[in-house]
Amino acid sequence: MSTSTFGVDLIGLSATVPIFGLDSIDDIKMDLQGLAIAFETSALTIEGGLLRNNVDGNEEYDGALMIKTADFSVTALGAFTSLASQGHINNSFFGFAFLDTEIGGPPSFFVTGISAGFGYNRVVKAPDVSEVGSFPLVAGLNNPSKLGLSGSGLPSLDDLGNVFQKMNTYIEPKLGEYWFAAGVQFVSYELIHSNIVAIVEVGKEFEILVLGKSFASFPPAGTTYGYVELDLEIVVQPDEGIFKAEAVLSNNSYVLDKNCHLTGGFAFYCWFGDNPHAGDFVFTVGGYHPAFKPPDYYPHVSRLGFNWQVSGDVTIKGGAYFALTPSCIMAGGLLEALYHSGNLKAWFTAYADFLIYWKPFYFTADIGVDVGVSYHVHFLFESKTLSFDLGASVELHGPPTGGKVHIHLWIISFTVSFGASESAGNKILGWTEFKKMVAHSRHESGLQSIMRALAATGSSESDLCHLIVSNGLLKQVKDSSGKQIWLVRADEFQFTASSAVPMTKISLNGTSVNSRGGGLAIRPMHVSSISSSVGTITVTSKDGNPMPWSPPHTLTRAL
């Protein structure tokens, strides 16, 4: 039903009437899948609908509403369903609304819209940073068409279905989970437009999720020489001991020309608390050094760069990166230019990569440039490619400092080595060499302090494990050979074992406890992985029989 200004659409209206045995009006079953409304005048537009869906076997009611005038627009979304758990029916619903109107503020933070929402027995799944641009609560609310609402006319069944297909991908019913959200849309100096939503989830776990999108044109009016669109995601999970911040340039970003696409991302991760990787962190713009193998739990970040198809014959592209971790720092870049027309091809390539480790200090550097041209010749029945190539590269490493210079020409190439070979600074250190390196370190390490303390007490260097009675000690006596003996109470006896060498497992009288820290690495000795470092303690009675004991719940390892 519709008029020039008002329309109502009953979606999926049906009636089921039994052919035989119609005794009363109650035997007629009515069904309605959804309802859409639209009201439009020159001053006011109202559009919305209510849809009944089946989500994972549960009946859900989804609704969307948009009210628009010349001065403001309001977009609201909501969903309701019921969940069965242990014989009880629990309601699950959420609502979110966005007000698009100029509120005001300083030029650096001129607010043009606000949003708010909540969820009851609902959970918000954090999208991948590359999906933030299409996340409904960020991208769709200031542009209803991205949600499926056109802003004119009745929304169809497909329109409403598309709206909540996107919503249900990220906002799911889940018992015991609740969230609250608030957002702001603002403009900075009439240049940068941003939309940011913060979501706080409480329930079984506490989580803070910040999602945002910013875009800017340069200049903002007239001929555009650049457009940048950045998606941002911040996740804080205190219970898991994780902080994550990521940003990525969208495929719509360009500079100078729309064919000069910008790419790349940024990430900062750190781990704390009881997380197995506590104390580790990584900051990167554009990824990592080609020779660096990041751990599996590090973020994957694309190169910061550009790819410009200048014309059908000329392509220019480049990239750069920087990364900082507790063990190393790295940076580098690449620039390539290619001309290809018919049988003629010409190219230019320049690159530089730097990787520096500390504790112990070690570095590698690769710098190179290459220029060339080739032409494919057809003569009679012969076909051949003639090419001229000129380039040079330098590889440096140290300490001890050394490297290689490689020159390649059209018909000849050669390599000149200088300084120490790379293997001289990359060999596995023995214990004696390792002690010398520690002794000559300018700053006292944990191992140096241990060795200094042992020397002060006259202990041998192998005495790196200590047993200390923490409870039940009566007194200490010496036997006939002069060895110290503990006299303890059997019902209260407790002791602490400490080792200067970190352990992955401790075994006491055949019962073992594993460390939560996982494997070990000894970077100063260039040992990348030690899967097993076991400390074994045996406690026996006077007659030589092993004593029973109750293992601790965890093994604490401090590195």
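Residues numbered from 1 in each chain as written. Predicted model: local features only at pLDDT ≥ 70, side-chain atom pairs only at ≥ 80, totals over all residues. Heavy atoms only, no water.

1. Overview of the pattern of salt bridges
When the charged atoms of two side chains lie near each other, side chains of opposite charge can form a pair. Rule in force here: Here a salt bridge means any side-chain nitrogen of Lys or Arg lying within 4 Å of a carboxyl oxygen belonging to Asp or Glu. A run of H or I in DSSP becomes a helix once it reaches four residues, and a run of E becomes a strand once it reaches two; helices and strands are each numbered from the N terminus. In this scheme, a residue with accessible area under 20% of its type's maximum is buried, one over 50% is exposed, and one in between is partly exposed, where area comes from a 1.4 Å probe on protein chains only.
Enumeration according to the criterion identifies four salt bridges in this entry. Salt-bridge contacts for D231 lead to K213; the nearest nitrogen and oxygen are separated by 3.0 Å. Taken together, the residues D231 in strand 13 (residues 226-237) and K213 in strand 12 (residues 207-218) connect sequence positions 18 residues apart. Residue classification places D231 among the buried positions, given a relative accessible area of 3%. Judged by its relative accessible area of 11%, K213 is buried.

2. Here's the deal with the pairing of strand 28 (residues 473-478)
Quick note on the threshold: Note on pairing: DSSP must find at least two bridges between two strands before they are called paired.
For strand 28, a buried count of zero out of six residues is recorded, marking the element as mostly open to its surroundings. Sheet topology places strand 28 next to strand 29 (residues 484-488); five bridges connect them, and they run antiparallel. When the bridges of strand 29 are listed, K478 appears paired with Q484. A loop of five residues connects strand 28 with strand 29, the two strands running antiparallel in sequence, and G482 in this loop sits at a positive phi of about 90 degrees.

3. Here's the deal with the pairing of strand 22 (residues 344-357)
In this structure, strand 21 (residues 328-341) lies alongside strand 22, joined through 14 bridges in antiparallel fashion. Residue pairing across strands places A337 opposite F348, the latter belonging to strand 22. In textbook terms, the turn of a hairpin is the stretch between consecutive antiparallel strands, and for strand 21 and strand 22 this stretch comprises two residues, one of which, G342, has a positive phi near 60 degrees. Relative to strand 23 (residues 362-379), strand 22 is paired through 14 bridges, and the arrangement is antiparallel. Across the sheet, residue K345 finds its bridge partner in strand 23, namely S374.

Spatial relationships are all this shows, so hold off on functional conclusions.
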